[in-house]
Amino acid sequence: MSSLLFLASCEHTPSDKSTERKLATPSEEHIYFGAFPDFGGSEESVTVDRIETFEQLTGKKIAWAMFSQNWFHGVIYPQEQISAIRASGAIPYVRLMPRSDEEQGHTETRYNMQNIINGTFDDDLQIWALKAKEEKAPLLIDFAVEPNGDWFSWSGVFNGGAITDGYGDPDYPDGPERYRDAYRHIIDIFNAQGVTNVTWFFHFNLTSLPDEPWNRPKYYYPGDDYIDWIGFSAYGAQEVTEEWAGLEFSTQLQENYEHIMEIHSQRPVAVLEFGVTDHHPDGNKSKWLDDAFRTILDNPYLSFKAISPWHEDWENEDGSYSTIRLDSSAETLSTSRRWLKDERFISDLKFQ
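Predicted, not measured: the structure shown is a model, and the values here were computed from it.

**Details of the overall build of the protein**
Link 1 in the chain: Along the backbone of the protein there are 9 helices and 11 strands.
Link 2 in the chain: Relative to a compact globule of 352 residues, whose C-alpha radius of gyration would be 20 Å, the protein shows 19 Å and is just as compact.
Link 3 in the chain: Projected onto the principal axes, the alpha-carbon positions of the protein cover approximately 60 × 50 × 40 Å.
Link 4 in the chain: For the protein, buried positions account for 57% of its 352 residues.
Link 5 in the chain: The contacts of the protein with a sequence gap of at least 6 include a subset with a gap of at least 24, amounting to 77%.
Link 6 in the chain: Carbon and sulfur atoms form 46% of the exposed surface of the protein, whose accessible area is close to 14,600 Å².
Link 7 in the chain: A gap of 8 Å separates the mean positions of the 29 positive and 59 negative side-chain charges of the protein.

Here it is, written out as C-alpha coordinates:
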(Lines give C-alpha, C1' and ligand atoms only; values in the text may rest on other atoms or scores of the structure.)
Protein backbone atom coordinates (compact mmCIF):
# COMPACT_ATOMS: atom_id res chain seq x y z
CA MET A 1 0.00 0.00 0.00
CA SER A 2 1.42 3.39 -0.93
CA SER A 3 1.84 5.96 1.84
CA LEU A 4 -0.66 8.29 0.13
CA LEU A 5 -3.25 5.54 -0.07
CA PHE A 6 -2.59 4.57 3.53
CA LEU A 7 -3.12 8.09 4.82
CA ALA A 8 -6.27 8.55 2.79
CA SER A 9 -7.78 5.27 3.95
CA CYS A 10 -7.04 5.95 7.63
CA GLU A 11 -7.96 9.64 7.81
CA HIS A 12 -10.00 10.66 10.83
CA THR A 13 -13.48 12.03 10.27
CA PRO A 14 -13.56 15.74 11.25
CA SER A 15 -15.70 16.59 14.26
CA ASP A 16 -16.36 19.48 16.60
CA LYS A 17 -14.04 18.67 19.50
CA SER A 18 -15.22 21.69 21.51
CA THR A 19 -18.45 19.92 22.42
CA GLU A 20 -16.82 16.62 23.37
CA ARG A 21 -15.94 15.85 26.97
CA LYS A 22 -15.50 12.41 28.55
CA LEU A 23 -14.36 9.37 26.61
CA ALA A 24 -17.40 7.21 25.91
CA THR A 25 -17.46 3.42 25.88
CA PRO A 26 -17.28 2.20 22.28
CA SER A 27 -20.41 0.68 20.85
CA GLU A 28 -21.11 -3.04 20.73
CA GLU A 29 -17.98 -5.17 20.39
CA HIS A 30 -15.63 -2.39 19.29
CA ILE A 31 -12.29 -1.76 21.01
CA TYR A 32 -10.32 1.48 20.78
CA PHE A 33 -6.77 1.10 19.46
CA GLY A 34 -4.26 3.46 21.08
CA ALA A 35 -0.52 3.04 21.59
CA PHE A 36 2.75 4.22 23.05
CA PRO A 37 4.47 4.63 19.65
CA ASP A 38 8.10 4.79 20.84
CA PHE A 39 8.54 8.26 22.26
CA GLY A 40 12.00 7.41 23.60
CA GLY A 41 13.43 6.24 26.90
CA SER A 42 11.97 9.14 28.88
CA GLU A 43 8.65 8.53 27.08
CA GLU A 44 8.30 12.20 26.11
CA SER A 45 10.01 12.67 22.70
CA VAL A 46 6.71 13.21 20.94
CA THR A 47 6.67 13.97 17.20
CA VAL A 48 4.15 13.60 14.42
CA ASP A 49 6.73 11.57 12.50
CA ARG A 50 7.01 8.95 15.25
CA ILE A 51 3.24 8.58 15.32
CA GLU A 52 2.93 8.29 11.54
CA THR A 53 5.82 5.82 11.39
CA PHE A 54 4.07 3.59 13.92
CA GLU A 55 0.77 3.84 12.04
CA GLN A 56 2.40 2.85 8.78
CA LEU A 57 4.12 -0.09 10.49
CA THR A 58 0.87 -1.42 11.93
CA GLY A 59 -1.37 -0.39 9.04
CA LYS A 60 -3.78 1.35 11.37
CA LYS A 61 -4.36 4.83 12.77
CA ILE A 62 -4.12 5.13 16.54
CA ALA A 63 -6.95 6.60 18.57
CA TRP A 64 -4.64 8.00 21.23
CA ALA A 65 -0.91 8.52 21.65
CA MET A 66 0.42 7.92 25.15
CA PHE A 67 3.39 9.81 26.61
CA SER A 68 4.81 10.71 30.02
CA GLN A 69 4.89 14.16 31.64
CA ASN A 70 7.87 13.72 33.94
CA TRP A 71 7.76 15.99 36.96
CA PHE A 72 11.56 16.20 37.11
CA HIS A 73 10.97 18.90 34.46
CA GLY A 74 8.43 20.50 36.81
CA VAL A 75 4.67 20.15 37.07
CA ILE A 76 4.29 21.83 33.70
CA TYR A 77 1.57 21.53 31.07
CA PRO A 78 3.22 19.68 28.13
CA GLN A 79 1.92 21.96 25.39
CA GLU A 80 4.48 20.93 22.74
CA GLN A 81 3.75 17.21 23.05
CA ILE A 82 -0.01 17.70 23.22
CA SER A 83 0.01 19.92 20.13
CA ALA A 84 2.07 17.39 18.16
CA ILE A 85 -0.34 14.58 19.00
CA ARG A 86 -3.33 16.68 18.03
CA ALA A 87 -1.61 17.58 14.75
CA SER A 88 -1.32 13.85 13.97
CA GLY A 89 -5.07 13.36 14.36
CA ALA A 90 -4.81 11.35 17.58
CA ILE A 91 -5.96 12.29 21.07
CA PRO A 92 -3.26 13.02 23.68
CA TYR A 93 -2.97 10.55 26.56
CA VAL A 94 -0.82 12.06 29.33
CA ARG A 95 0.81 9.99 32.06
CA LEU A 96 1.53 12.24 35.07
CA MET A 97 4.80 10.87 36.49
CA PRO A 98 5.60 12.38 39.93
CA ARG A 99 9.32 11.65 40.13
CA SER A 100 12.56 13.58 40.53
CA ASP A 101 14.57 11.24 38.30
CA GLU A 102 14.20 8.11 36.20
CA GLU A 103 15.81 5.80 38.72
CA GLN A 104 13.51 3.12 40.08
CA GLY A 105 13.26 1.27 43.36
CA HIS A 106 13.69 4.15 45.78
CA THR A 107 11.70 6.55 47.93
CA GLU A 108 10.77 9.91 46.38
CA THR A 109 11.65 12.88 48.57
CA ARG A 110 10.07 15.75 46.63
CA TYR A 111 7.12 14.51 44.56
CA ASN A 112 5.90 11.95 47.06
CA MET A 113 2.27 11.21 47.76
CA GLN A 114 2.21 12.99 51.11
CA ASN A 115 3.53 16.23 49.61
CA ILE A 116 0.84 16.09 46.93
CA ILE A 117 -1.82 15.53 49.59
CA ASN A 118 -0.40 18.42 51.64
CA GLY A 119 -0.86 20.79 48.70
CA THR A 120 2.81 21.44 47.96
CA PHE A 121 2.16 21.53 44.21
CA ASP A 122 -1.35 22.98 44.18
CA ASP A 123 -0.38 26.20 42.40
CA ASP A 124 1.33 24.33 39.57
CA LEU A 125 -1.52 21.84 39.30
CA GLN A 126 -4.07 24.66 39.10
CA ILE A 127 -2.14 26.21 36.21
CA TRP A 128 -1.93 22.79 34.55
CA ALA A 129 -5.69 22.33 34.92
CA LEU A 130 -6.52 25.77 33.52
CA LYS A 131 -4.32 25.22 30.46
CA ALA A 132 -6.08 21.91 29.81
CA LYS A 133 -9.44 23.66 30.17
CA GLU A 134 -8.44 26.45 27.77
CA GLU A 135 -7.83 23.95 24.96
CA LYS A 136 -11.51 22.96 24.97
CA ALA A 137 -10.54 19.63 23.47
CA PRO A 138 -10.50 16.08 24.89
CA LEU A 139 -7.54 14.99 26.99
CA LEU A 140 -6.90 11.60 28.58
CA ILE A 141 -4.86 11.49 31.80
CA ASP A 142 -3.62 8.92 34.25
CA PHE A 143 -1.51 9.47 37.33
CA ALA A 144 1.45 7.50 38.67
CA VAL A 145 1.01 4.27 36.72
CA GLU A 146 1.32 0.75 38.17
CA PRO A 147 1.27 1.79 41.85
CA ASN A 148 0.85 -1.83 43.00
CA GLY A 149 4.26 -2.70 41.59
CA ASP A 150 7.50 -2.36 43.53
CA TRP A 151 9.54 -0.30 41.04
CA PHE A 152 8.18 3.26 40.88
CA SER A 153 8.76 5.68 43.76
CA TRP A 154 5.01 6.28 44.12
CA SER A 155 4.38 2.59 44.72
CA GLY A 156 2.70 1.62 47.97
CA VAL A 157 5.88 -0.05 49.20
CA PHE A 158 7.63 3.36 49.29
CA ASN A 159 4.75 5.32 50.81
CA GLY A 160 3.88 3.42 53.96
CA GLY A 161 3.27 -0.07 52.64
CA ALA A 162 1.08 -2.30 54.78
CA ILE A 163 1.23 -0.29 58.01
CA THR A 164 -2.04 1.33 59.03
CA ASP A 165 -1.15 3.74 61.85
CA GLY A 166 0.96 6.33 60.04
CA TYR A 167 -1.71 8.03 57.96
CA GLY A 168 -5.46 8.29 57.66
CA ASP A 169 -7.81 5.39 58.28
CA PRO A 170 -6.34 3.06 60.94
CA ASP A 171 -7.91 0.10 59.13
CA TYR A 172 -6.49 0.96 55.69
CA PRO A 173 -2.95 0.24 54.41
CA ASP A 174 -1.05 3.53 54.38
CA GLY A 175 0.82 3.04 51.09
CA PRO A 176 -2.27 2.57 48.91
CA GLU A 177 -4.25 5.10 50.96
CA ARG A 178 -1.72 7.85 50.35
CA TYR A 179 -1.73 7.08 46.61
CA ARG A 180 -5.54 7.08 46.52
CA ASP A 181 -5.78 10.39 48.34
CA ALA A 182 -3.06 12.03 46.25
CA TYR A 183 -4.88 11.09 43.05
CA ARG A 184 -8.19 12.32 44.50
CA HIS A 185 -6.49 15.59 45.46
CA ILE A 186 -5.32 16.18 41.88
CA ILE A 187 -8.75 15.48 40.42
CA ASP A 188 -10.36 17.74 43.03
CA ILE A 189 -8.10 20.57 41.84
CA PHE A 190 -9.15 20.04 38.22
CA ASN A 191 -12.80 19.90 39.21
CA ALA A 192 -12.46 23.11 41.21
CA GLN A 193 -11.15 24.83 38.07
CA GLY A 194 -14.18 23.68 36.11
CA VAL A 195 -12.27 21.24 33.88
CA THR A 196 -14.73 19.03 32.01
CA ASN A 197 -12.69 17.85 29.03
CA VAL A 198 -10.42 15.38 30.87
CA THR A 199 -11.04 11.63 31.08
CA TRP A 200 -9.34 10.12 34.13
CA PHE A 201 -7.79 6.64 34.00
CA PHE A 202 -6.74 4.45 36.92
CA HIS A 203 -3.78 2.40 35.67
CA PHE A 204 -2.51 -0.53 37.77
CA ASN A 205 -0.34 -3.55 37.11
CA LEU A 206 -2.22 -6.79 36.50
CA THR A 207 0.06 -8.67 38.89
CA SER A 208 0.83 -7.08 42.26
CA LEU A 209 4.37 -6.98 43.60
CA PRO A 210 4.59 -7.76 46.42
CA ASP A 211 1.69 -10.18 45.99
CA GLU A 212 0.13 -9.45 49.37
CA PRO A 213 -3.48 -8.63 50.33
CA TRP A 214 -2.74 -5.00 51.30
CA ASN A 215 -1.24 -4.34 47.82
CA ARG A 216 -4.25 -5.29 45.71
CA PRO A 217 -5.36 -2.68 43.16
CA LYS A 218 -8.69 -2.07 44.91
CA TYR A 219 -6.92 -0.30 47.78
CA TYR A 220 -5.35 2.23 45.38
CA TYR A 221 -8.55 2.94 43.47
CA PRO A 222 -9.78 6.54 43.95
CA GLY A 223 -13.39 5.47 43.37
CA ASP A 224 -16.07 5.75 40.71
CA ASP A 225 -16.75 9.37 41.69
CA TYR A 226 -13.25 10.21 40.43
CA ILE A 227 -12.30 7.69 37.75
CA ASP A 228 -13.83 7.32 34.28
CA TRP A 229 -11.86 4.30 32.96
CA ILE A 230 -9.73 1.61 34.56
CA GLY A 231 -6.87 -0.25 32.91
CA PHE A 232 -3.77 -2.28 33.53
CA SER A 233 -0.33 -3.27 32.28
CA ALA A 234 0.35 -6.91 31.43
CA TYR A 235 3.80 -7.89 30.21
CA GLY A 236 5.42 -11.16 29.43
CA ALA A 237 9.17 -11.56 29.94
CA GLN A 238 10.78 -8.17 29.33
CA GLU A 239 14.34 -9.50 29.37
CA VAL A 240 15.81 -12.66 27.86
CA THR A 241 16.98 -13.73 31.33
CA GLU A 242 13.49 -13.44 32.82
CA GLU A 243 11.27 -16.49 33.31
CA TRP A 244 8.96 -17.01 30.32
CA ALA A 245 6.50 -19.61 31.60
CA GLY A 246 3.50 -18.33 33.50
CA LEU A 247 3.60 -14.83 32.00
CA GLU A 248 1.35 -15.54 29.03
CA PHE A 249 -1.34 -12.87 28.73
CA SER A 250 -4.17 -15.39 29.13
CA THR A 251 -2.50 -16.93 32.19
CA GLN A 252 -2.05 -13.57 33.89
CA LEU A 253 -5.66 -12.62 33.20
CA GLN A 254 -6.97 -15.93 34.51
CA GLU A 255 -4.95 -15.60 37.71
CA ASN A 256 -5.78 -11.94 38.36
CA TYR A 257 -9.14 -11.11 36.80
CA GLU A 258 -10.79 -11.18 40.23
CA HIS A 259 -8.62 -8.22 41.22
CA ILE A 260 -10.01 -6.33 38.22
CA MET A 261 -13.57 -7.24 39.13
CA GLU A 262 -13.06 -5.88 42.66
CA ILE A 263 -12.91 -2.39 41.15
CA HIS A 264 -14.57 -2.96 37.77
CA SER A 265 -18.00 -1.64 38.74
CA GLN A 266 -19.50 0.21 35.77
CA ARG A 267 -16.22 1.54 34.41
CA PRO A 268 -14.90 0.38 31.01
CA VAL A 269 -11.66 -1.61 31.10
CA ALA A 270 -8.57 -1.06 28.93
CA VAL A 271 -5.31 -2.92 28.43
CA LEU A 272 -3.13 0.17 28.79
CA GLU A 273 0.25 -1.51 28.27
CA PHE A 274 1.19 -4.95 27.00
CA GLY A 275 4.12 -6.57 25.28
CA VAL A 276 6.95 -9.07 25.53
CA THR A 277 10.59 -9.22 24.49
CA ASP A 278 11.71 -11.01 21.34
CA HIS A 279 14.51 -13.55 20.90
CA HIS A 280 13.87 -15.26 24.23
CA PRO A 281 15.40 -18.76 24.57
CA ASP A 282 12.24 -20.23 26.12
CA GLY A 283 9.43 -18.63 24.15
CA ASN A 284 8.18 -17.11 20.92
CA LYS A 285 7.04 -13.49 20.84
CA SER A 286 4.67 -14.01 17.94
CA LYS A 287 2.86 -16.78 19.83
CA TRP A 288 2.68 -14.60 22.95
CA LEU A 289 1.05 -11.83 20.90
CA ASP A 290 -1.34 -14.34 19.31
CA ASP A 291 -2.42 -15.37 22.79
CA ALA A 292 -2.76 -11.74 23.93
CA PHE A 293 -4.87 -10.55 21.01
CA ARG A 294 -7.00 -13.71 21.05
CA THR A 295 -7.68 -13.27 24.77
CA ILE A 296 -8.45 -9.58 24.42
CA LEU A 297 -11.05 -10.33 21.77
CA ASP A 298 -12.56 -13.37 23.45
CA ASN A 299 -12.31 -14.42 27.10
CA PRO A 300 -14.82 -15.60 29.73
CA TYR A 301 -14.04 -12.86 32.25
CA LEU A 302 -14.72 -9.39 30.89
CA SER A 303 -15.08 -7.28 27.77
CA PHE A 304 -12.14 -5.02 26.96
CA LYS A 305 -12.94 -1.62 25.49
CA ALA A 306 -9.48 -0.31 24.55
CA ILE A 307 -5.92 -1.53 24.03
CA SER A 308 -2.61 0.29 23.94
CA PRO A 309 0.47 -1.80 23.06
CA TRP A 310 3.87 -0.58 24.27
CA HIS A 311 6.21 -0.06 21.31
CA GLU A 312 9.78 0.47 22.53
CA ASP A 313 13.19 -1.21 22.82
CA TRP A 314 15.78 -0.43 25.48
CA GLU A 315 19.21 -1.52 26.71
CA ASN A 316 19.44 -3.23 30.09
CA GLU A 317 22.20 -2.85 32.68
CA ASP A 318 23.86 -6.10 31.60
CA GLY A 319 24.11 -4.91 28.00
CA SER A 320 21.23 -7.04 26.73
CA TYR A 321 18.27 -5.50 24.94
CA SER A 322 14.56 -5.67 25.64
CA THR A 323 12.87 -5.75 22.25
CA ILE A 324 9.24 -4.87 22.93
CA ARG A 325 8.56 -3.04 19.65
CA LEU A 326 5.95 -4.65 17.44
CA ASP A 327 8.46 -4.73 14.58
CA SER A 328 11.23 -6.49 16.52
CA SER A 329 11.09 -9.13 13.79
CA ALA A 330 9.23 -9.62 10.53
CA GLU A 331 7.22 -12.40 12.19
CA THR A 332 6.01 -10.30 15.12
CA LEU A 333 5.12 -7.36 12.88
CA SER A 334 3.15 -9.68 10.60
CA THR A 335 1.33 -11.11 13.62
CA SER A 336 0.46 -7.65 14.94
CA ARG A 337 -0.76 -6.39 11.57
CA ARG A 338 -2.90 -9.49 11.07
CA TRP A 339 -4.70 -9.02 14.38
CA LEU A 340 -5.10 -5.26 13.99
CA LYS A 341 -6.94 -5.78 10.71
CA ASP A 342 -9.84 -7.08 12.79
CA GLU A 343 -12.69 -4.57 12.38
CA ARG A 344 -13.39 -4.66 16.09
CA PHE A 345 -10.28 -2.54 16.66
CA ILE A 346 -11.25 1.06 15.85
CA SER A 347 -9.32 4.31 15.62
CA ASP A 348 -11.97 6.96 16.25
CA LEU A 349 -12.78 7.86 19.83
CA LYS A 350 -16.28 8.89 20.84
CA PHE A 351 -16.92 11.45 23.57
CA GLN A 352 -19.95 12.41 25.60
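**Topic: the side chain of histidine 259**
Link 1 in the chain: With respect to the helices and strands, the residue histidine 259 is situated in helix α7 (residues 249–264).
Link 2 in the chain: The contact partners of histidine 259, leaving out residues within four places of it in the chain, are Arg216 and Pro217.

**Observations concerning a negative patch on the surface**
Link 1 in the chain: Residues Asp101, Glu102, Glu103, Glu315, Glu317 and Asp318 make up a contiguous surface patch of negative charge.
Link 2 in the chain: With respect to the helices and strands, aspartate 101 occurs in the loop between β3 (91–97) and α4 (113–117).
Link 3 in the chain: Judged by relative accessible area, aspartate 101 falls into the partly exposed class, the value being 30%.

**Points about the packing of aromatic side chains**
Aromatic rings considered in pairs are described by the distance between their centres and by the relative angle of their planes.
Link 1 in the chain: Within this structure, the stated rule accounts for 34 aromatic pairs.
Link 2 in the chain: Both rings, one in phenylalanine 274 and one in phenylalanine 293, keep their centres 5.7 Å apart while their planes meet at 85°; by these two values the pair is edge-to-face. A residue pair is termed long-range when its members are at least 10 positions apart, and phenylalanine 274 in strand β7 (residues 269–275) and phenylalanine 293 in helix α8 (residues 285–297) qualify at 19 residues. Side by side, phenylalanine 274 and phenylalanine 293 carry an identical accessibility label, which is buried.
Link 3 in the chain: Here phenylalanine 293 and phenylalanine 345 contribute two aromatic rings whose centre-to-centre distance is 6.0 Å and whose plane-to-plane angle is 80°, an arrangement assigned as edge-to-face. Of the two residues, phenylalanine 293 is situated in helix α8 and phenylalanine 345 in strand β11 (residues 345–346); the sequence distance between them amounts to 52 residues. Per residue, the accessibility class of phenylalanine 293 equals that of phenylalanine 345, and both read buried.
Link 4 in the chain: Against the face of tyrosine 172 rests arginine 180, its NZ or CZ located 4.8 Å from the ring centre.

**Examining the pairing of strand β5 (residues 198–205)**
Link 1 in the chain: Counting buried residues along β5, 8 of its 8 residues qualify, which places the element largely inside the surrounding structure.
Link 2 in the chain: Alternating positions in β5 separate into two faces, Val198, Trp200, Phe202 and Phe204 on one and Thr199, Phe201, His203 and Asn205 on the other, with burial throughout.
Link 3 in the chain: Here strand β4 (residues 139–143) runs beside β5; their pairing, made up of 4 bridges, is parallel. Residue pairing for β5: leucine 140 is matched across the bridge by threonine 199.
Link 4 in the chain: Pairing between β5 and strand β6 (residues 229–235): 5 bridges, direction parallel. Residue pairing in the sheet places phenylalanine 201 in a bridge with tryptophan 229 of β6.

**A short note on the side chain of glutamine 69**
Link 1 in the chain: Tracing the backbone through its elements, the reader meets glutamine 69 in strand β2 (residues 64–70).
Link 2 in the chain: Relative accessible area serves as the criterion here: at 5%, glutamine 69 is assigned to the buried category.
Link 3 in the chain: A distance of 3.3 Å separates polar atoms of two side chains, one belonging to glutamine 69 and the other to tryptophan 128.

**Some remarks on the pairing of β2**
Link 1 in the chain: Most of β2 is tucked away, with 7 of its 7 residues classed as buried.
Link 2 in the chain: By the alternation rule, side chains of β2 split into Trp64, Met66, Ser68 and Asn70 and Ala65, Phe67 and Gln69, which are all buried.
Link 3 in the chain: The pairing of β2 with β3 spans 7 bridges and is parallel. In the sheet register, phenylalanine 67 faces β3, and the bridge partner there is valine 94.
Link 4 in the chain: Tracing the backbone out of β2, into helix α3 (residues 79–88) and back to the parallel element β3 gives a crossover that is right-handed.

Conventions adopted
Residues numbered from 1 in each chain as written. Predicted model: local features only at pLDDT ≥ 70, side-chain atom pairs only at ≥ 80, totals over all residues. Heavy atoms only, no water. Helix = DSSP H or I, 4+ residues; strand = E, 2+ residues; numbered from the N terminus. Rg over C-alpha atoms; globule rule 2.2 N^0.38 Å. Buried < 20%, exposed > 50% of the residue type's maximum accessible area, 1.4 Å probe, protein only. Contact = heavy atoms within 4.5 Å. Areas by Shrake-Rupley, 256 points an atom, 1.4 Å probe, with all protein chains shown as cover. Lys, Arg positive; Asp, Glu negative; His and termini not counted. Charge placed at Lys NZ, Arg CZ, Asp CG, Glu CD. Patch = residues over 30% accessible without salt bridge, like charges linked within 9 Å, V, L, I, M, F, W, Y side chains within 5 Å. Salt bridge = Lys/Arg side-chain N within 4 Å of Asp/Glu carboxyl O. Phe/Tyr/Trp six-rings, centres within 6.5 Å; stacked < 30°, edge-to-face > 60°. Lys NZ or Arg CZ within 6 Å of the ring centre and 35° of its normal. Pairing = 2+ DSSP bridges. Polar contact = N/O pair within 3.5 Å; in protein donor to acceptor, adjacent residues only side chain to side chain. Right-handed = clockwise from strand over helix to strand, strands pointing away.

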